[in-house]
Structures are given as structure tokens and as C-alpha cells.
Amino acid sequence: MKTLVIIEDEKPAARRLERIINDLGYEVQQKLHSVEESIEWFQHQPKVDLIFLDIQLSDGLSFEIFEKVKVEADIIFTTAYDEYALKAFKLNSIDYLLKPIDVEELSRALQKFENRHTPKLIDPEALKNLMQEQTSASSFKTRFSVKVGDHIKTYPINEIACFYSEYKATSLVTFEGKSYVIDDSLNTLEQQLPTTDFFRINRSHFINYKAIEDLVSYSTSRIKVNLKGMKEPAIVSRERVSDFKKWIG
């Protein structure tokens, strides 16, 4: 049986990916969620068959893993950043999957893996060049993909009113009031969204400036924000009010 490993810092996304892989008849040996955890695991398991590799992890970029340990494996990139795609293929990876992961695309990627399974030593310098070039060239996302039934729909960020977190799930809300669950956490989104347009007003809401319809003074020096697409107002937390006022100008 081939050894498959997932390296993904968002645990719900890692679990979802594992379920899809299992449904396709494969078994994931290990899920790793950080650079540090991955280094420790690979020190005892340097050779695997296939790695599903997220590019950005909570404690760094994933190339840092392979600077510390030599690993022989094929790679399928999994990331929310579609600008990595071309460079990823130049690295001769098996495939590139854009989040949220589509089942059919994953199935085709695994078929490619079966057809040309030739694990080789992962080159950390090649990975480093890929990731550093892309993060410096474009640190923000311009659109998000969501799953609608069996279809994938894409929304540019200027059509997204806000992101909010509830019951350990993150949702994207459009100006039209449509809501979709996405894999990214709000902490991840803070690194992906331009600060000129988006502001995290509390632990559970990340809002678009253009979605603001009305601002109302609220108890204990807080601010109530009415947003396009949202039925209920969001509250700016007390510790963020000062920065929020600077942000709105």
C-alpha cells in the first residue's frame, strides 16, 4: 500500500481532504499541521510515496520542512493561491489543486500519480524559490472559489461583503446575501485579504469596506455595523474600535 501524507494547517480542511481520498480508495497514513510537526515526523519517516502539500502553514512556508529533512516523495500542491499553479508545474509536481478541493480534480490527480509514480528527493531550494517569488509578487487573493452543488463558482473579492466564523466553520457572504462555507479560517484570511478593503472587526467577522451600509454607536463604546448581504448587524469589538475608526477614515 502506498504511503500518503497530508500537510495542511487547517485541520477541518485536512479532515475533508482525507475523507475524499478515502472515498477514492486510498488511505492517508499521516496528517501534519505545521512545519515543526512535519520536520519531527519526517525525521523518522523520510520516504513516502505522495504528499498533499499546502504552501503556507501556520508557522511558515512548507519548503522549510525540506530544508531540515531530506524527503523522497511525489507532490500534489493544495492551496488557495492559484498564482502558484504555473510555477508548481515547472517543479514537476504531480498536480495542483485549488481549494476548496474538487473530487473529480483530485481523482484525476491521483490517476496521474498512479501513471507516473516516480518519487524523488524533494528539492527545498526549488520550493523556496517558488514560494518566495509568489508571496512577494502577490500576497493577496483576488478571488475565492466556492462549491455550489456539483459546480465550482468563483467570486472576486469586490463581490464579497464579509467572511464570518460560526460553529468552527468559516463562511463567505456575497453582496447579494448568498453564503458559502470555505476551508480558510479567519486567521488565514488576515494574510490573504488587502487591508485597504477588508478589516477584522471581531473574532468572528471580517468585513469589506464597500459592504458597510450604516454605523451605529453601541454599548460600552462599541460600534454596530450594518452590512449589505447580512441580515444581522456585526459588532466591532471594544479592543478594535480605535483601529476600525482609523481604517474607515
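Notes on the structure follow. (Residues numbered from 1 in each chain as written. Predicted model: local features only at pLDDT ≥ 70, side-chain atom pairs only at ≥ 80, totals over all residues. Heavy atoms only, no water.)

1. Comments concerning helix α1 (residues 11–23)
The end-to-end C-alpha separation of α1 is 18 Å, in line with the 18 Å expected for 13 residues at 1.5 Å each. If you check which residues of α1 are buried, you get Ala13, Ala14, Arg16, Leu17, Glu18, Ile20 and Ile21. Contacts made by the buried residues of α1 are with β1 (4–7), β2 (28–32), β3 (47–53), β6 (72–79), α5 (103–115) and β9 (143–148). At the C-terminal side of α1, glycine 25 shows a positive phi close to 95°. (Helix = DSSP H or I, 4+ residues; strand = E, 2+ residues; numbered from the N terminus. Expected span 1.5 Å × (residues − 1). Buried < 20%, exposed > 50% of the residue type's maximum accessible area, 1.4 Å probe, protein only. Contact = heavy atoms within 4.5 Å.)

2. What about unusual backbone geometry?
Positioned with a positive phi, tyrosine 167 is a non-glycine residue whose angle comes to about 55°. If you trace the backbone, tyrosine 167 turns up in the loop between β11 (160–166) and β12 (169–174). A positive phi is found at lysine 168, a non-glycine position, where the angle reads about 65°. Position of lysine 168 relative to the elements: it lies in the loop between β11 and β12.

3. Notes on helix α8 (residues 241–248)
Along α8, the residues classified as buried are Val241, Phe244 and Trp247. Buried residues in α8, looked at end-on, bunch into an arc of 120°, giving them a common side. Elements in contact with the buried residues of α8: β14 (198–200), β15 (205–208), β16 (212–217), β17 (223–227) and β18 (234–236). (Arc of directions from axis to C-beta.)

4. Considerations on the sheet that holds β12
As summarised here, the arrangement of the five strands in space is β13-β12-β11-β15-β14, forming an open sheet in which the pairing is antiparallel. In this open sheet, the two strands that pair with only one neighbour each are β13 (179–182) and β14. Between one strand and the next, the sheet's axes are offset by a mean angle of 20°, whatever the strand orientation. Bridge count for β14 against β15 is three bridges, and the pairing is antiparallel. Residue pairing across strands places arginine 200 opposite phenylalanine 206, the latter belonging to β15. (Pairing = 2+ DSSP bridges. Axes fitted to C-alpha atoms, helices over the stretch in contact; angles between N-to-C directions.)

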